[in-house]
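Coordinate inspection notes
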Amino acid sequence: MNMKRRVFLKGTMASGAVAVAVGAGLLSPRQVLAAWPKSAFEAKDVSGAMNGIYGSDLAPASKDIEVDAPDIAENGAVVPVKVKTSLSNVESISIISEKNPTPLVAKFNMTGKTEGHISTRIKMGQSSNVIAVVKADGKLYSARKEVKVTIGGCGG
Amino acid sequence: MAKTIKIRARIKGGVCEVKSLIKHPMETGQRKNKKTGKKIPAHFIQEVNCEHNGNSVMTADWGTAISANPYLSFSFTGAKKGDTFKLSWVDNKGESDSAEVAIK
């Protein structure tokens, strides 16, 4: 991407980006956004994010979920997180970083074949809890782990 | 578009273990261009779809807080050597890519 295009996009960030995609004749953005839980990803707090994806922000803590993340993350832009659960019939696993500007990080939709674990790398704006929410057998469960961040990875 | 996806899918103890790396900036829309002081537009992967022999085994919805050049690992059952595993992604600008490998 060259600098001119960045300048062109200034001010009209969101609409500009969509217009470019449409203009380039790529996949229709509407099609993409249809399945993607936009309101949940734009929610500014944990309960908003949870209500957005699960319709409830109540998820009792479960010992059957393990959140594996470092105690201290030197670089908030790359925090390895692993979520493991021994619950059966896992429908989805979501990762939430409590104090990020938009806390919802990702939602992984499992199928009957998927084993109950997932690992990825996330960005964290500041020290906070990483919350894993697991939906299994139609019920919500959660677990959390505190991660101290030395350098935040969300702004600049 | 150049290949953006690297996948390793391997059978281990009857379970297929998938490890993948995607090359993508995962721009949050909150970072500022230091020269102009303007915000850099958000550009991030929203959907990831994983298929085994054409059947979906896992899909993921991602936000901006997945790190740049995302790493994803998970495993699934019911696969055997030589089966195909396909991973595809779509980002908020409508760009996409997919890659297919034979399970080892």
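Residues numbered from 1 in each chain as written. Chains lettered and ligands numbered in written order. Predicted model: local features only at pLDDT ≥ 70, side-chain atom pairs only at ≥ 80, totals over all residues.

1. A few points about unusual backbone geometry
All names here are of chain B. A positive phi angle, close to 50°, is found at Met-26, a residue other than glycine. By the secondary structure assignment, Met-26 is in the loop between strand 2 (15–22) and strand 3 (45–52). Residue Met-26 is classed as buried on the basis of its 22 C-beta neighbours within 10 Å. One non-glycine residue, Asn-69, lies in positive phi territory at about 50°. As for its placement among the helices and strands, Asn-69 is situated in the loop between strand 4 (55–62) and strand 5 (71–77). (Helix = DSSP H or I, 4+ residues; strand = E, 2+ residues; numbered from the N terminus. Buried ≥ 20, exposed ≤ 12 C-beta atoms within 10 Å, placed from the backbone.)

2. Considerations on the interface of chain A and chain B
Facing the 44 residues of chain A at the interface are 40 residues of chain B. Contributions of two or more residues to the side of chain A that touches chain B are made by helix 1 (3–9), helix 2 (13–23), helix 3 (29–35), strand 5 (104–110) and strand 6 (114–122) of chain A. With eight residues, the top contributor of residues to the side of chain A that touches chain B is strand 6 of chain A. Here the residues of the side of chain A that touches chain B are counted per class, giving 24 nonpolar, 13 polar and seven charged. As paired elements, strand 5 of chain A and strand 4 of chain B share five bridges and run antiparallel to each other. Opposite Met110(A), over in strand 4 of chain B, you have Met58(B) as the bridge partner. (Contact = placed C-beta atoms within 7 Å. Nonpolar A, V, L, I, M, F, W, Y, C, P; charged D, E, K, R; others polar. Pairing = 2+ DSSP bridges.)

3. Structural notes on the confidence of the model for chain B
Predicted coordinates in regions of low pLDDT should not be interpreted in detail. With 98% of its residues at a pLDDT of at least 70, chain B reaches an overall mean of 89. Scored as a complex, the prediction yields pTM 0.80 and ipTM 0.90. (pLDDT = per-residue confidence, 0-100.)

4. A word on the sheet that holds strand 3 of chain B
With respect to topology, nine strands assemble into an open sheet ordered 2(A)-8(A)-7(A)-4(A)-5(A)-4(B)-3(B)-6(B)-7(B), the strand pairing being mixed. A single partner strand is all that each edge strand has here, and the edge strands are strand 2 (72–75) of chain A together with strand 7 (96–102) of chain B. Averaged over neighbouring strand pairs, the angle between their axes works out to 20° when direction is ignored. Two elements, strand 7 (residues 128–136) of chain A and strand 8 (residues 139–151) of chain A, share nine bridges in a ladder whose sense is antiparallel. (Axes fitted to C-alpha atoms, helices over the stretch in contact; angles between N-to-C directions.)

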